[in-house]
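The primary structure of each chain is shown beneath.
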Amino acid sequence: MFHALNMPYYLGLDSSTQSLTAIIIDADERRVVFESSLAFDEALPQYGTDHGVLPRSAPDVALSSPVMWADALDQMMGRVAASGLDLPRLAAISGSAQQHGSVYLNASASAALASLDPAQPLGGQIAPLLSRAVSPIWMDSSTAEECAEITSATGGAERLSRHTGSRAFERFTGPQIRKFYKGEPEAYHATARIHLVSSFLASLLAGRDAPVDPGDGSGMNLMDLATGDWWSPAVEGTAPGLASKLPAVRPAFSIAGTLSPYWQQRHRLPAAQVITWSGDNPCSLIGTGLVREGRVAISLGTSDVIFGLMREPRVDATGTGHVFGAPTGDFMGLTVFKNGSIARERVRDMFGMSWPEFSHALDATPPGNIGRIFLPWFEPEITPPVSTPGVHRYGLAEGDAPGHVRGVVEAQLMALARHSRWMGVEVDTIYATGGASANVQILQVMADVFGADVYRFEVGNSAALGAALRAWHGERHAAGAPIPWDDVVSGFAEPVGARRLRSRGALHDVYIDLMRVHAACEAHALGNGPDPTPWVQELAARSQELGGW
Ligand code: ADP
Ligand code: XUL
């Protein structure tokens, strides 16, 4: 027992767009003792998802399956149970989930969650508790009309963003709820509780209704950043009767419950505490150790996201970025690009390449791409807002495979740099995370575009690690022995010096020039400026005269 109390384990789960990951940490020894990941498409093919998304009925609609997420959780807890670890030491569990997605439960859910049958898989028992079989996720951009309605009901974009941290965004939960209410009013009225993906999964673990934390709550256009609670004008302006359908908002360190009898009996797991879950970006903030202001992380996951901690909520006047709550009780600024790994993969597949071939093409092409620009809006884009997808080439021939590889990566990183200026951070160090941060060639372009050193981490999944660290922090907080955030992240979420990519000054100068071209191309593609092709051609000719940039 002494052993169990003194050397606890903490489990962090990350239910992302494409996969579910689990990380268990030994807090005393500051090491990861278990890590496992399952990809939804492969582990649960019966749901028919592609990269975690159900077959699309329209390019702007993106839905996933909450029953699939439940089945994935069941499978993953089975893997944890079979890990060979001394699981009575498991003291607490927390989690991270893709943000904005919503799950709709009927009136029977609350009682049923407390009395699930441990002899049966989870998914089949959850399906009858849903008032909507599918969940809209963050990739959905089909709610422009609802965004306009909510903006007008709440007194305009400036007021909405001052209160909730963001103007109305199509993927945010409030506009999605309004679309459901308008399109399926009966199913909306049969909904007793609307959860985020994070609070839904926490509810499954705790066997009761779990709260939403301010970090994930601020991705809804419904929560007041200043009070950390629902903002009535937005709640009332979104859908009738919504207030009673929303979970409580509670700090990220609060306890959602105890691991329910279902898990204890089905997988022989202990009565660990379930700490409130959060969104993947707030969890990654912790998992990259960004518990102080002044540094940024870039996550190259399905989406590309740049984020950093903020002491005060400085809302973006340009309307592209967001301010969310942070698990520390502070705030975080972030800007999200939908065409992240999605676009890199599309270019890779367009030319039938593997990742090593993609990296080789980056190595083989000159930084600056001889002035050529490729805007990779394969999907409707969030930043800048692009509702009709389409790619744009400036000076780039359609069949030029290496030119496209460099083009997509450079355009993405220049967009990350340009559209995050509102955060007001002098970036000299970047912490890179997410699936594509394994790619050193991409990170070298990042270092050169930003003129900053880029560090990678030993643990690649910063969201799952952040969730495990939050489990530890929350459990200690509840025990009356809180641990300062600097101590929580120390030894875990630390960049590895040997894995640093240095920025190369001369190449950064190339990108300072090229960012002006990129901005002009973007303006032209959005219908806000003249065609910069002559400028691109002149640059190409000049750079060829000089033998490349
Ligand atoms: P999410 O958390 O959003 O589900 P991940 O952070 O796990 O996504 O990232 C998954 C993505 O990482 C894949 O879709 C893939 O495109 C990308 N990826 C994996 N390995 C590489 C690589 N070597 N180079 C570039 N991208 C990669
Ligand atoms: C954040 C966002 C994505 C999702 C999925 O606003 O839309 O980063 O959280 O990862």
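Computed from a prediction, not measured in an experiment: that's the story for all the values here.

Caption draft 1: Structural view of the overall build of the protein. For the protein, the count of helices and strands is 22 helices and 22 strands. Here the C-alpha radius of gyration of the protein, 23 Å, is about what a compact globule of 549 residues would show, namely 24 Å. Projected onto its principal axes, the C-alpha positions of the protein cover 75 × 50 × 45 Å. Contacts spanning at least 24 positions in sequence make up 73% of the contacts within the protein whose residues lie at least 6 apart.

Caption draft 2: Fine view of the sheet that holds strand S20 (residues 429-433). Spatially, seven strands are ordered S16-S17-S15-S14-S20-S21-S22 in an open sheet, and the strand pairing comes out mixed. Each of the sheet's edge strands pairs with one partner strand only, and the pair in question is strand S16 (322-325) and strand S22 (495-501). Averaged over all pairs of adjacent strands, the angle between strand axes in this sheet comes to 30°, irrespective of strand direction. Two elements, S16 and strand S17 (residues 331-337), share four bridges in a ladder whose sense is antiparallel.

Caption draft 3: Representation of the site of ligand 2 in the model. Every residue close to ligand 2 is listed here: Gln-99, His-100, Trp-138, Arg-171, Asp-280, Asn-281, Ser-303, Val-305 and Val-336. Between ligand 2 and Asp-280, the relevant distance is 2.5 Å, taken from an oxygen atom to a side-chain nitrogen or oxygen of the residue. Here ligand 2 has 290 Å² of accessible area as a free molecule, and 96% of this is covered by the chains. Looking at side-chain class alone, the shell around ligand 2 contains three nonpolar, four polar and two charged residues.

Caption draft 4: Quick look at the site of ligand 1. Around ligand 1 there are 13 residues in total, and Ser-16, Thr-302, Glu-345, Gly-435 and Asn-439 lie nearest to it. Between an oxygen atom of ligand 1 and a side-chain N or O atom of Ser-16, the distance comes to 2.7 Å. Out of a free accessible area of 580 Å², ligand 1 has 76% covered by protein chains. Within the shell around ligand 1, the residues separate by chemical class into three nonpolar, nine polar and one charged.

Caption draft 5: Focus on the environment of Thr-151. Following the sequence through the fold, Thr-151 ends up in helix H6 (residues 144-153). Under the relative-accessibility criterion, Thr-151 is labelled buried at 18%. When the C-alpha atoms of Thr-151 and Pro-367 are compared, they prove to be 42 Å apart, with 216 residues separating the residues in sequence. Once residues lying within four places of it in the same chain are set aside, the contact partners of Thr-151 are Gly-156, Ala-157, Leu-160 and Ala-168. Of the polar contacts made by the side chain of Thr-151, one reaches the backbone oxygen of Cys-147; its length is 2.6 Å.

Caption draft 6: Summary view of the packing of aromatic side chains. The full count for this structure, using the stated rule, is eleven aromatic pairs. Relative to Tyr-188, the ring of Tyr-181 lies with its centre 5.3 Å away and its plane at 65°, an arrangement referred to as edge-to-face. Taking relative accessible area as the criterion, Tyr-188 reaches 0% and is therefore assigned buried. Among the aromatic residues, those joined into a cluster by ring pairs are Tyr-104, Phe-180, Tyr-181 and Tyr-188. In this structure, Arg-132 is placed above the aromatic ring of Tyr-104, and the distance from its NZ or CZ to the ring centre is 5.1 Å. Its guanidinium or amino end placed over the ring of Tyr-188, Lys-245 lies 4.9 Å from that ring's centre, counting from NZ or CZ.

Rules used throughout
Residues numbered from 1 in each chain as written. Chains lettered and ligands numbered in written order. Predicted model: local features only at pLDDT ≥ 70, side-chain atom pairs only at ≥ 80, totals over all residues. Heavy atoms only, no water. Helix = DSSP H or I, 4+ residues; strand = E, 2+ residues; numbered from the N terminus. Rg over C-alpha atoms; globule rule 2.2 N^0.38 Å. Contact = heavy atoms within 4.5 Å. Pairing = 2+ DSSP bridges. Axes fitted to C-alpha atoms, helices over the stretch in contact; angles between N-to-C directions. Near = heavy atom within 4 Å. Polar contact = N/O pair within 3.5 Å; in protein donor to acceptor, adjacent residues only side chain to side chain. Areas by Shrake-Rupley, 256 points an atom, 1.4 Å probe, with all protein chains shown as cover. Nonpolar A, V, L, I, M, F, W, Y, C, P; charged D, E, K, R; others polar. Buried < 20%, exposed > 50% of the residue type's maximum accessible area, 1.4 Å probe, protein only. Phe/Tyr/Trp six-rings, centres within 6.5 Å; stacked < 30°, edge-to-face > 60°. Lys NZ or Arg CZ within 6 Å of the ring centre and 35° of its normal.

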